[in-house]
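# Geometric and topological summary
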There are 2 protein chains.
Amino acid sequence: MKRDRQFRPLPVPSVDVQGLFGDRQDAICDSTAATLLDRCVEAGMVKAIDTSIPSPGVIIPIQPWGGTTQMFWDSDLGKSIETVAYSLYRRANPELEARVDAIIDLYEKLQNEDGYLNAWFQRVQPERRWTNLRDHHELYCAGHLMEGAVAYYQATGKKKLLDIMCRYADYLITVFGRGPGQMPGYCGHEEVELALVKLARVTGEKKYLDLSKFFVDERGTEPHFFTDEALRDGRDVADFHQKTYEYGQSHVPVREQTKVVGHAVRAMYLYAGMADIATEYKDDSLTAALETLWDDLTTKQMYVTGGIGPAAANEGFTDYYDLPNETAYAETCASVGLVFWANRMLGRGPNRRYADIMEQALYNGAMAGLSLDGKTFFYENPLESGGKHHRWVWHHCPCCPPNIARLLASIGSYMYAVADNEIAVHLYGESQARFEIGGAKIELSQKTNYPWEGAIHFGVKADKPARFAITLRVPGWAEGATLKVNGEAIDIASVTIDGYARIERDWKSGDAIDLEIPLAPRAIFANPLVRQDAGRTALMRGPLVYCVEATDNGEGLNRLTLTGDLGKAKTSTVDALRGAVALDLPAQRDAADWGTALYRTSPPKQEETTARFVPYPFWDNRTPGEMLVWVRTGAASGE
Amino acid sequence: MKRDRQFRPLPVPSVDVQGLFGDRQDAICDSTAATLLDRCVEAGMVKAIDTSIPSPGVIIPIQPWGGTTQMFWDSDLGKSIETVAYSLYRRANPELEARVDAIIDLYEKLQNEDGYLNAWFQRVQPERRWTNLRDHHELYCAGHLMEGAVAYYQATGKKKLLDIMCRYADYLITVFGRGPGQMPGYCGHEEVELALVKLARVTGEKKYLDLSKFFVDERGTEPHFFTDEALRDGRDVADFHQKTYEYGQSHVPVREQTKVVGHAVRAMYLYAGMADIATEYKDDSLTAALETLWDDLTTKQMYVTGGIGPAAANEGFTDYYDLPNETAYAETCASVGLVFWANRMLGRGPNRRYADIMEQALYNGAMAGLSLDGKTFFYENPLESGGKHHRWVWHHCPCCPPNIARLLASIGSYMYAVADNEIAVHLYGESQARFEIGGAKIELSQKTNYPWEGAIHFGVKADKPARFAITLRVPGWAEGATLKVNGEAIDIASVTIDGYARIERDWKSGDAIDLEIPLAPRAIFANPLVRQDAGRTALMRGPLVYCVEATDNGEGLNRLTLTGDLGKAKTSTVDALRGAVALDLPAQRDAADWGTALYRTSPPKQEETTARFVPYPFWDNRTPGEMLVWVRTGAASGE
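Residues numbered from 1 in each chain as written. Chains lettered and ligands numbered in written order. Predicted model: local features only at pLDDT ≥ 70, side-chain atom pairs only at ≥ 80, totals over all residues. Heavy atoms only, no water.

An unreviewed UniProt entry annotates chain A as DUF1680 family protein of Pararhizobium capsulatum DSM 1112.

Written out as structure tokens, the structure reads:
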């Protein structure tokens, strides 16, 4: 297949979803969307942009790194607006829409004549505009408002916020560049790069792509912008947060980067933006760098949940194979960012190398961030808990709640992508996708109970017959998947390219595809270089990582040892987990008849038991207690 | 045996030690003692007490808890003086002695006319004297200077510092009490209690014991002193460091305490002081409380190394059975404090329940704190390291370096204790102890290569024959220990009381005892309630916990599984570890031929190997790298 294809995600309104994804979206419509706005109001974010009242000033004190999370309030509002917008596709909600309209009106009044727009730097520290791109998230905030604007326009047809953000982007084009009086700068926290691509796609304005590409190309070049900026600003160039340009991936030009380093969310947002630019400009040098970085992340630095960034200290990466389970930072936003990146790596053609990881991170590291009722949120996502880790109602740095919400609320856009004469299905789940291809209007539907069952029935509706390819991911873990077109078996291997079965033909209404993906439970072992997982196994079924919880198995989950054959696993449906499939497996347990001693010279006796595993993203939704993903296994002494 | 015996440790000058303890003391004489003084000078501690120059003021900024570690500088000087004093017993060093004399002269000039003495509250915040006993370590500093004074007097015969501290103690007697105008207070950080007992024992002044008992008795009573004090001082009574009186064990009166809580060092110092008071006053109510607390600590909250206090957040205790290995705080000072407490629990009679733990904490959690060359120091003592945990040259809160140094430099005093007509030998090691008993002057010597070998030969020299008991600990782990007196075998069980073999007879010069303690390696398993040690085993030999280090076994220590019979362990002597005994054991290793994948569905292959174990306290003295105490074991699936 040629590399110069350009796949772009379907717009969110073009896909309706049901099933598990639909259930998550209902929770967002029922609770999360309004909760996000409520929390933003409570935090003071709306007052901060209301020019009819005096500026509330510094509400969250300036921290030792020289800034405050209050500086990113625009981003929280932007992501919340984006979430509400997606929720409005699914379910009209005039009250929510009116609340967002009111916020947009405030932004309209706040915007400077020159187009500039930023709550902090207009209302609290106006004299500090564009003085510290390295630390103060100024363009990051712009990016999130742009994403919100695009989503709200697509959802409601209302252009006000989109126009505001286009004016701001037009102003940015005058500020940033290599021309006289311009700044050759970029943001310490990437985000505006991918946002400008969204803005360009919805407006058709290439100038926004060009600005995005400028930010990507400038990053990490010498003389270093952040060094020059610090000198101009009278700051110590060496004494800053984390004290390394690796923190924001600006240590070398992006095409020379080979190792995934620094703040995990920043890294993912950068790579996502790079992948967009690679797709739009067919930039092989960017793609090559991204492929190297992809391998680096996924073969040395990623939890089995698709969680990334093990350390709280830098909210990011440490050493290769350093994946502590109980202290895992694995920020929800970072897994969300990995989904963003993976999705955009599919821009130059379907490849399960990216899509499998996208699904793994989406279902596990990301989806765990939202409670089943849509009301509480994980920031960190450990793979082991002693019983004290629970979702927050809110967080002092509330980046994760709207991030997981906007991802799940827009998931249809991650399921399907179209290129000329081809539609790729990256993710499975009950849904209907509408798109135009080869001049025909097509609706492609999936009937399935995936991820709980592996049978997926595709139906085609077309206003007229058309020739194009339907390209379906065959997950790398799916051994023995089968495919039928209109009831006729197809040798799946013969049509599979890069892990996608590609069926090119004339499609007409009534055509059907049946894909059967076996969902046998899999015992997963980690590379022996991951010291924290030695002698342990994780259970997966389909895209889902499983875990044991105290509510099913009692406290003391490390007393369990998996010994049995996975073929003996029994599946059952758990109503309290919205129909999730649980797995029951024979296991041994260290016996409790130990006495009072803390230490002794004989090991505990073993007793037979059954261990119940439930999907990791659904943990901590019932009685709180211990949780464990990597369970001890007796397999190591076998083999 | 009666409970009203009173065993008191031999003074440090009465015992000469060689062997392993002697080697540690030589390192202190060679390096540590001078290093401590050097670091105190570098930190500005000596300038802080020099009234001939202006006060240097606040050098270490006030922290959010309302104080600074600079407030405890007197304690660092006190412990350093104490260490130097003990080193002078072993080896005269006129230069070091002159430096301490100069410091004592400065303290003499600093002391207030009323007897008060405190660098911070005389030179930096004089208006704050006695305003915040809860947080500001004022009496804690006094206590450490008292301990230094006692040691220096015993070492040099010079009384100046002792007189200074007696004047201060006399002043304290006027300040604290239940009389009119007196404060019914006590220190947030216990220490002065045990120091006053030392002062009383060396001066024979019961009034110091009484003050110590007052502090013990007042602690945690209602109305609560710290609450009243905060109100008087205009502070929020609820908003303080750790926000619970459990932090400093003042939540309830000490005799009602049943659970070991809060800051680990504070707890140990309190219990040590309580034990001293229990011995001196034959106070059964205190002893009963201490027995309960002892069980609580040693059966639910203690690492196998004798490390205690798993959490950095409160430098102390968390939940029962919560003993994380890699993130273990297990402060050196806390294990030193446990040795202090255990030693004082022996005041009312020998009992291996206390002495075994004393030895375990001394050799492992405490001794690890000092490098073999005596130049660097551990503050935290994890039981697993990914390779980045190393000893410090110094620490921002330098409590641990002088604490482990003064313990090791005075170890003779922990080995032997005397009561009327009885000498107890709590610890073994080549040494000579001099004491008077029953009117005779006795020298009891140990010839042994303990802890590397288990044969211990005791020789008696007496200026005249005398009847008394020699009482020798038979460690709980020593299966099959044998005893001979003057070559004649004695049935050890028949003379053993509370784990001590008690040989009462007329002793004369030339008498000999031979104690043989088998040192077979032991595989230790943790109670299944300790989730962090499940499926793992720790190796001990004698009192020493063993560990594997990367320098012997390569990186990837969690790839090792112990499978073999401990009887196959081979011992050898490691010159680079000063003759320590290493253990070589057959083991399996997860094979490295895994490929590049991070995760896969088949476990790693196993290869046969030999694992080398070295004593835990000696780790990180060679090429830096990983370390692991609790090694995976195949034993769990057996049994």
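## Things to note about the overall build of chain A
Heads up, the rule is: What counts as a helix is a DSSP run of H or I of at least four residues, what counts as a strand is a run of E of at least two, and both are numbered from the N terminus. Throughout, the radius of gyration refers to the C-alpha atoms, and the reference size of a globule is 2.2 Å times the residue count to the power 0.38. Residue exposure (1.4 Å probe, protein chains only): buried if accessible area is under 20% of the type maximum, exposed if over 50%, otherwise partly exposed. The contact definition used throughout considers only heavy atoms, calling two residues in contact when any of these lie within 4.5 Å. To measure how exposed things are, a 1.4 Å probe is used in the Shrake-Rupley method; for residues, cover is taken only from the protein chains shown. The convention is simple: Lys and Arg are positive, Asp and Glu are negative, and His and the chain ends are not counted. By convention, the point assigned to a charge is CZ for Arg, NZ for Lys, CD for Glu and CG for Asp.
When you go through chain A residue by residue, the secondary structure sums to 18 helices and 24 strands. Relative to its length of 639 residues, chain A is compact, with a C-alpha radius of gyration of 25 Å against a globular reference of 26 Å. Principal-axis analysis of the C-alpha atoms places the extent of chain A at approximately 75 × 70 × 50 Å. In chain A, which comprises 639 residues, the proportion classed as buried is 64%. Here the contacts in chain A between residues at least 6 apart in sequence split such that 72% fall between residues at least 24 apart. In the form shown here, chain A has an accessible surface area of approximately 21400 Å², with 50% of it arising from carbon and sulfur atoms. Put simply, chain A has 68 plus and 86 minus side-chain charges, and the middle of one group is 2 Å from the middle of the other.

## So, the packing of aromatic side chains
This is how it is decided: Pairing of aromatic rings covers Phe, Tyr and the six-membered ring of Trp, with a centre-to-centre limit of 6.5 Å; geometry is then stacked below 30 degrees between planes, edge-to-face above 60, and tilted otherwise. The rule for a charge over a ring is simple: NZ of Lys or CZ of Arg within 6 Å of the ring centre, and within 35 degrees of the ring normal.
Inspection of the entire model under this criterion finds 60 aromatic pairs over all chains. Taken together, a centroid distance of 6.3 Å and an interplanar angle of 85° make the contact between F72 of chain B and Y140 of chain B edge-to-face. One end of the pair, F72 of chain B, is in the loop between α2 (45-49) and α3 (73-90); the other, Y140 of chain B, is in helix α6 (residues 138-156), with 68 residues separating them in the sequence. This pair shows no difference in class: F72 of chain B is buried, exactly as Y140 of chain B is. Ring geometry for Y116 of chain B and Y171 of chain B: centres 6.2 Å apart, planes at 80°, overall edge-to-face. You can see Y116 of chain B sitting in the loop between α4 (94-110) and α5 (119-123) and its partner Y171 of chain B sitting in helix α7 (residues 160-175), a full 55 residues away along the chain. For the cation-ring pair, K213 of chain A lies above Y281 of chain A, with the distance from its terminal atom to the ring centre recorded as 5.6 Å. A cation over a ring is seen here: R600 of chain A above W594 of chain A, with NZ or CZ 3.8 Å from the ring centre.

## Focus: the domain arrangement of chain A
Residues and elements named next belong to chain A. Worth spelling out the cut-off: Throughout the structure description, domain borders are defined by an automatic or database domain assignment. Throughout, buried area stands for the accessible area (probe radius 1.4 Å) lost by two parts on being put together, summed over both. The term salt bridge refers to a side-chain nitrogen of Lys or Arg lying within 4 Å of a carboxyl oxygen of Asp or Glu.
In terms of domain boundaries, chain A breaks down into domain 1 (8-415), domain 2 (425-516) and domain 3 (522-637). Counting residues at the interface gives 30 residues for domain 1 and 29 residues for domain 3. Carbon and sulfur atoms make up 59% of the area that domain 1 and domain 3 hide from each other, which totals about 2500 Å². Considering only the surface of domain 1 that becomes buried against domain 3, V304, Y321 and L372 emerge as the three largest contributors, covering 26% of it. Where domain 1 packs against domain 3, one counts two salt bridges. Two residues, R578 and D23, come together in a salt bridge whose shortest N-O distance is 3.1 Å.

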